[in-house]
Amino acid sequence: EYLCKVVDDDAQVFKRGDVRKNIDIHAVLGSNVEFDNSKYILGFDPSHGIGKDFTVIIVLRQDEQGYIHFVDMWRRNDFPPDRQADILIETAKQYNAVVAAEDVGFQRLYATIIEQKGGHLRYIASKASNKGLKQGLMNRLRTWFDRKLIVFPFGDQDTRQKVGIILDELEAHVWKNGEIV
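Residues numbered from 1 in each chain as written. Predicted model: local features only at pLDDT ≥ 70, side-chain atom pairs only at ≥ 80, totals over all residues. Heavy atoms only, no water.

K.L.:
Teacher, can you tell me more about the pairing of strand 5 (residues 98-102) here?
P.N.:
Regular strands have side chains that alternate between both faces of the sheet. For strand 2 (residues 39-45) and strand 5, the ladder comprises three bridges, and the chain directions are parallel. Bridge pairing in strand 5 links G43 to A100. The pairing of strand 5 with strand 6 (residues 123-126) spans four bridges and is classified as parallel. By the bridge assignment, A101 is partnered in strand 6 with A125. (Pairing = 2+ DSSP bridges. Helix = DSSP H or I, 4+ residues; strand = E, 2+ residues; numbered from the N terminus.)

K.L.:
Got a minute to help me understand helix 4 (residues 131-146) in this structure?
P.N.:
Spacing of three or four residues puts side chains on the same side of an α-helix, whose turn is 3.6 residues. With 16 residues, helix 4 extends 23 Å between its outermost C-alpha atoms, agreeing within 8% with the 22 Å of an ideal straight helix rising 1.5 Å per residue. Taken together, the buried positions of helix 4 are Q135, M138 and F145. The buried residues of helix 4 occupy one face: seen down the axis, they fall within an arc of 80°. Where helix 4 is buried, its residues contact helix 1 (16-19), strand 7 (150-153), helix 5 (157-171) and strand 9 (179-180). Backbone geometry just downstream of helix 4 places K148 in the positive-phi region, at approximately 60°. (Expected span 1.5 Å × (residues − 1). Buried < 20%, exposed > 50% of the residue type's maximum accessible area, 1.4 Å probe, protein only. Arc of directions from axis to C-beta. Contact = heavy atoms within 4.5 Å.)

K.L.:
When you look at unusual backbone geometry in this model, what are you seeing that I'm missing?
P.N.:
Note: most peptide bonds trans; most residues except glycine with negative phi. With phi around 50°, N96 is a residue other than glycine that occupies positive phi space. Position of N96 among the secondary structure elements: in the loop between helix 2 (81-95) and strand 5. The class of N96 is exposed, set by a relative accessible area of 59%. One non-glycine residue, N177, lies in positive phi territory at about 55°. In this structure, N177 sits in the loop between strand 8 (175-176) and strand 9. The exposed category is assigned to N177, whose relative accessible area is 76%.

K.L.:
When you look at the environment of K148 in this model, what are you seeing that I'm missing?
P.N.:
Summarising the element assignment, K148 is placed in the loop between helix 4 and strand 7. Dropping the residues within four chain positions of it, K148 is found in contact with K21, N22 and Y67.

K.L.:
Sorry if this is basic, but what is going on with the packing of aromatic side chains here?
P.N.:
Applying the stated criterion across every chain, the model contains six aromatic pairs. Taken together, a centroid distance of 5.2 Å and an interplanar angle of 75° make the contact between W74 and F79 edge-to-face. For W74, a relative accessible area of 16% puts it in the buried group. The rings of F14, F70, F145 and F152 are connected pair by pair, giving a single aromatic cluster. Looking at R75, its charged tip hangs above the ring of F54, at a distance of 3.7 Å from the centre. (Phe/Tyr/Trp six-rings, centres within 6.5 Å; stacked < 30°, edge-to-face > 60°. Lys NZ or Arg CZ within 6 Å of the ring centre and 35° of its normal.)

Structure (structure tokens):
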């Protein structure tokens, strides 16, 4: 690594060429909402406080052929949990999406806040909070990239900026002693 960038392609889990194979240079964020037969899911990872790490909501769409399309991302570190819950409710409603989040106490706080607000979300509790399950999920993601099943929009500057954050995160993962770090 050099300045937190992986320089050894063999050590990289998600190789730059693999994660960028299915970039759609004509699509922009949120542009593929009109697909009726697609399934939408929101990935939700809340922060641990204002000004700390980021709360992230990722919108993914699976089309009829099984391709996974990155649709949008909301990423902020300046919203309190109450406002984050509002964004989550609004985004889930916009896409008629299921919400997936780790099944840990901190995320359960949001279920309570959403319930108090009268929000009704279809929620899938992810069990990927332990190391073994996370490793399995990361390997599955690698397989999807190898099979060219993940598609990223890249059609305008705002889209390229948000997608770039995800691509950089993926490209930062390396193999260390047989594990993904």
